[in-house]
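# Close look at the chain arrangement
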Amino acid sequence: MGRVKAIPVLVNGQEGYDIRVTDPQATVQDYLDAVNYFIDTAKCYRTRKPGTDSCFGCDLCCQERIPVTLIDVLNLAEGDFEKFVGQMLHVYVEGRVVDITMGLDESGRCRYLDSSRGICGNYGKRPLVCQTFICCPSTRNANKLREEIINAGEDELVRKWFEIKTTDNNLIIHEGVLAAPDIRDYRRTPFAGAASYEQLKLKDVCTPRLWNRIT
Ligand code: SF4
Ligand code: SF4
């Protein structure tokens, strides 16, 4: 029995999902397992691809902004964090705001996408945002949970990014507009010190209000 469940529900009359947590010790990995299981097995209404029960062969959500968390990057970088940030991610800084996302190729698609087959070329390690996105309706609680985890993971990635520098001692910035980032804008999050989603308790990344609503 999983500690987190993605439950089929009707949202505005269409088949979607809600999230329930059944064990206070549940981890972010439990949440990922639940959503992955739902995507693989449940019938839901795919708003971008109506009339199908599978994402297979569709790459519509692999060609837009793809935010990443610190743990995603640790999973993907295979030990060379700095090189991965420089070559595979896109760091955009506008004023004090830092936005780190997956880098896209010239056609605007994720660099991991196998375009000839419309499938992810790194499926087992794909970021949390990819694992938890399905274009079906979802409840306010399910959306909020996903948002809170992603926001915390993004902020911790930015904190880590401040630690790495180019050979001429600059921050790695691929695109900037009046860039003036300041680490004081990014508070430590529960992602700090966690090397995997198994190590991250769901309760720690949720606001108390949301936690009460999903347990
Ligand atoms: S979730 Fe993404 S891959 Fe799946 S049907 Fe929707 S747009 Fe396509
Ligand atoms: S990592 Fe995979 S699933 Fe995620 S956007 Fe890239 S190709 Fe798509």
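Residues numbered from 1 in each chain as written. Chains lettered and ligands numbered in written order. Predicted model: local features only at pLDDT ≥ 70, side-chain atom pairs only at ≥ 80, totals over all residues. Heavy atoms only, no water.

## Some remarks on unusual backbone geometry
Put simply, the rule is: Strands here mean DSSP runs of E at least two residues long; helices mean DSSP runs of H or I at least four residues long; both are numbered from the N terminus. Burial here depends on accessible area, computed with a 1.4 Å probe over protein chains only, as a share of the maximum for the residue type. Under 20% is buried, over 50% is exposed, and the range in between is partly exposed.
In this structure, N12 is a non-glycine residue whose phi angle is positive, near 50°. Checked against the element boundaries, N12 lands in the loop between β1 (4-11) and β2 (14-21). When its relative accessible area of 79% is taken as the criterion, N12 is described as exposed. Not every positive phi belongs to a glycine, and N169 is a case in point at roughly 65°. Of note, N169 is situated in the loop between α5 (140-161) and β7 (175-177).

## Some details on the pattern of salt bridges
Formally: Take a side-chain nitrogen of Lys or Arg and a carboxyl oxygen of Asp or Glu: if they are within 4 Å of each other, that pair is a salt bridge.
The final tally for this structure, using the stated rule, is 15 salt bridges. The partner of D99 in a salt bridge is R65, and the shortest N-O contact between them spans 2.6 Å. Taken together, the residues D99 in strand β4 (residues 97-102) and R65 in the loop between α1 (28-41) and α2 (70-77) connect sequence positions 34 residues apart. Overall, R65 belongs to the partly exposed group, its relative accessible area being 49%. Here R159 makes a salt bridge to E156, at a shortest N to O gap of 3.3 Å. Of this pair, R159 and E156 both sit in helix α5, three residues apart, which is roughly one turn of that helix. Under the relative-accessibility criterion, R159 is labelled partly exposed at 22%. A residue is classified by how much of its surface remains accessible, and E156, at 6% relative accessible area, is buried. In the salt-bridge network here, residues are joined through shared partners; they are R96, D182, R184 and D185.

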